[in-house]
Amino acid sequence: MLIKRPPDIPPSEITPPGICRSRREFVAATLALAAATSLGLRPSRAGAADGLPGLHPGPFGTDEARTPLKLVTGYNNFYEFGTGKEDPARRAGSLRTRPWTVAVEGLVKRPATYDIDTLLKLAPPEERVYRLRCVEGWSMVIPWAGYSLAELIKRVEPLGSARFVEFTTLYDPARMPGQRSRLLAWPYVEALRLDEARHPLTLLAFGLYGEVLPNQNGAPVRLVVPWKYGFKSAKSIVRIRFVEQEPVTTWMRASGGQYGFYANVDPEGRGQAWERRVGSFSRRRTLPFNGYGDQVASLYAGREQHRQP
Ligand SMILES: Nc1nc2c(c(=O)[nH]1)N[C@H]1C(S)=C(S)[C@@H](COP(=O)(O)O)O[C@H]1N2
Ligand SMILES: [Mo]
């Protein structure tokens, strides 16, 4: 993703650093992590997970090879802990995820502040193997654990005036060293249209590979929106707010039109035709909606995908 926008550079000139990075650099990083992985690969143990009792296989699975756990937890984007891919794994240990509350507020009949352990038990956890694709041109296949955000949405009963849902990450510069720089407008804010948020694919995730989420992957609770670029999947959420107006998200502020509000995975978009699975060397074509078009394309009927508003 982009780092900084000096005032004299228009947003259209900014390329995310991941795209600028040479192939050699990418391969070297992947190799180093893959070497670290060979001993540490753990299969998912559905149902046996500490802290995720009752985890059972959910819908929307894929048979594709899963990205090894060490890569899932060692190659991350979590700018609150730095911009390097290995920074979150090295630095996110300082994040304390208990006690933790998530305020659900705004245009709802039943606003509530949920303790994280109550939120975790709101619905039975499912294991969902999703592809997640970053605008930087890499992707992973990850067995997430959680339940559809729709389960929470129906409990708080949105008012008829609610059209968007905004997700806010923790603001804690003492523990999130990246927030001490003005790289982005902290806290990180992302948002979905209400129908996107309610779509059964949209996952409120508490774990991966059968275990509670590692801090670097957004503990204790994050979003996973698999048909959109990874940046829409906000980590370490403390607030979910239902609003009428389209929220201004962190990446909209930072990069203007390039990573717009809708920002669905779009192979027609600038430099987005190809991707590389982290841990593998071959490139593959990026699919529209990251391959979830059958489920979600109807949400965007009439909207031109490559002209992200
Ligand atoms: N709070 C917060 N959420 C975030 C980010 C971030 O920097 N801060 N990065 C996003 C981006 S660009 C991606 S690709 C995914 C990466 O998720 P992962 O590291 O678990 O694979 O998290 C997204 N969620
Ligand atoms: Mo990303």
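Cut-off values and rules
Residues numbered from 1 in each chain as written. Chains lettered and ligands numbered in written order. Predicted model: local features only at pLDDT ≥ 70, side-chain atom pairs only at ≥ 80, totals over all residues. Heavy atoms only, no water. Helix = DSSP H or I, 4+ residues; strand = E, 2+ residues; numbered from the N terminus. Buried < 20%, exposed > 50% of the residue type's maximum accessible area, 1.4 Å probe, protein only. Contact = heavy atoms within 4.5 Å. Areas by Shrake-Rupley, 256 points an atom, 1.4 Å probe, with all protein chains shown as cover. Near = heavy atom within 4 Å. Polar contact = N/O pair within 3.5 Å; in protein donor to acceptor, adjacent residues only side chain to side chain. Nonpolar A, V, L, I, M, F, W, Y, C, P; charged D, E, K, R; others polar. pLDDT = per-residue confidence, 0-100. Arc of directions from axis to C-beta. Core = buried A, V, L, I, M, F, W, Y, C linked by side-chain atoms within 4.5 Å. Pairing = 2+ DSSP bridges. Axes fitted to C-alpha atoms, helices over the stretch in contact; angles between N-to-C directions.

Here's the deal with the overall build of the protein chain
No. 1: The helix and strand tally for the protein chain stands at nine helices and 13 strands.
No. 2: A buried classification covers 54% of the 309 residues belonging to the protein chain.
No. 3: The contacts of the protein chain with a sequence gap of at least 6 include a subset with a gap of at least 24, amounting to 72%.
No. 4: Within the structure as shown, the protein chain displays about 13,400 Å² of accessible surface, and the carbon and sulfur contribution to it stands at 53%.

Some thoughts on the side chain of Ser-236
No. 1: Mapped onto the elements of the fold, Ser-236 is located in the loop between strand 10 (222–224) and strand 11 (237–243).
No. 2: Accessibility expressed as a relative area gives 0% for Ser-236, which makes it buried.
No. 3: Discounting residues that sit within four places of it in the chain, Ser-236 has contacts with Phe-78, Leu-95, Trp-100, Thr-168, Thr-169, Leu-170, Met-176, Gly-218, Ala-219, Val-221 and Arg-222.

Topic: the site of ligand 1
No. 1: Around ligand 1 lies a shell of 17 residues, among which Asn-76, Tyr-79, Glu-80, Arg-222 and Lys-235 are the nearest.
No. 2: Contact between ligand 1 and Tyr-79: an oxygen atom at 2.8 Å from a main-chain N or O atom of the residue.
No. 3: Arg-222 is positioned with one of its side-chain polar atoms (N or O) 2.7 Å from an oxygen atom of ligand 1.
No. 4: Isolated, ligand 1 exposes 540 Å² of accessible area, and the fraction of that covered by the protein chains is 99%.
No. 5: When its residues are assigned to classes, the shell around ligand 1 shows eight nonpolar, six polar and three charged.

Quick notes on the environment of Val-189
No. 1: You can see Val-189 is positioned in strand 7 (residues 189–193).
No. 2: When the C-alpha atoms of Val-189 and Pro-247 are compared, they prove to be 8.6 Å apart, with 58 residues separating the residues in sequence.
No. 3: Aside from chain neighbours lying at most four places away, what touches Val-189 is Glu-166, Phe-167, Thr-168, Val-248, Thr-249 and Thr-250.

Points about the confidence of the model for the protein chain
No. 1: Across the protein chain, pLDDT averages 86, with 81% of residues at or above 70.
No. 2: Within the protein chain, the lowest mean pLDDT, 38, falls on helix 1 (residues 17–20), and the highest, 99, falls on strand 11.
No. 3: A low-confidence stretch, residues 3–25 stays under pLDDT 50, and its non-local contacts, those more than four residues away or across chains, total 36 contacts.

Some words on helix 6 (residues 149–156)
No. 1: Taken as a whole, helix 6 has its buried residues at Leu-149, Leu-152, Ile-153 and Val-156. On an axial view of helix 6, the arc spanned by its buried residues comes to 100°, and they lie on one face.
No. 2: The first or second residue beyond helix 6 is Glu-157, which carries a positive phi of 55°.

Things to note about the environment of Arg-98
No. 1: Its location among the elements puts Arg-98 in the loop between helix 4 (87–91) and strand 2 (101–106).
No. 2: We classify Arg-98 as partly exposed; its relative accessible area is 37%.
No. 3: Here the alpha-carbon distance between Arg-98 and Asp-115, two residues 17 residues apart in the chain, equals 9.3 Å.
No. 4: Among the polar contacts made by the side chain of Arg-98, one reaches the side chain of Asp-117 at a distance of 3.0 Å.

Examining the nonpolar core
No. 1: One finds Leu-119, Trp-144, Leu-152, Ile-240 and Phe-242 to be the most contacted residues of the largest nonpolar core, which totals 82 residues.
No. 2: Looking at this core element by element, the count peaks at six residues for strand 5 (residues 138–148).
No. 3: Once residues within four sequence positions are removed from consideration, Leu-152 is found in contact with Val-104, Tyr-114, Leu-119, Leu-122, Leu-204 and Ile-240.

Some thoughts on the pairing of strand 6 (residues 164–169)
No. 1: Of all the six residues making up strand 6, six are buried; the element is thus mostly covered by neighbouring parts of the structure.
No. 2: Neither face of strand 6 is left uncovered, since the one carrying Phe-164, Glu-166 and Thr-168 and the one carrying Val-165, Phe-167 and Thr-169 both have all their residues buried.
No. 3: Examined bridge by bridge, strand 6 and strand 11 share six bridges and lie antiparallel to one another. Its bridge partner being in strand 11, Glu-166 is matched across the sheet by Arg-241.

As for the sheet that holds strand 7
No. 1: Taken in spatial order, the five strands make up an open sheet running 3-2-11-6-7, and their pairing is mixed. Two strands in the sheet have a free side with no partner beyond their single neighbour: strand 3 (112–115) and strand 7. With direction set aside, neighbouring strand axes in the sheet form an average angle of 15°.
No. 2: In this fold helix 6 packs onto strand 2, strand 3, strand 6 and strand 11, with an angle of close to 60° to the strand it touches most, strand 11.

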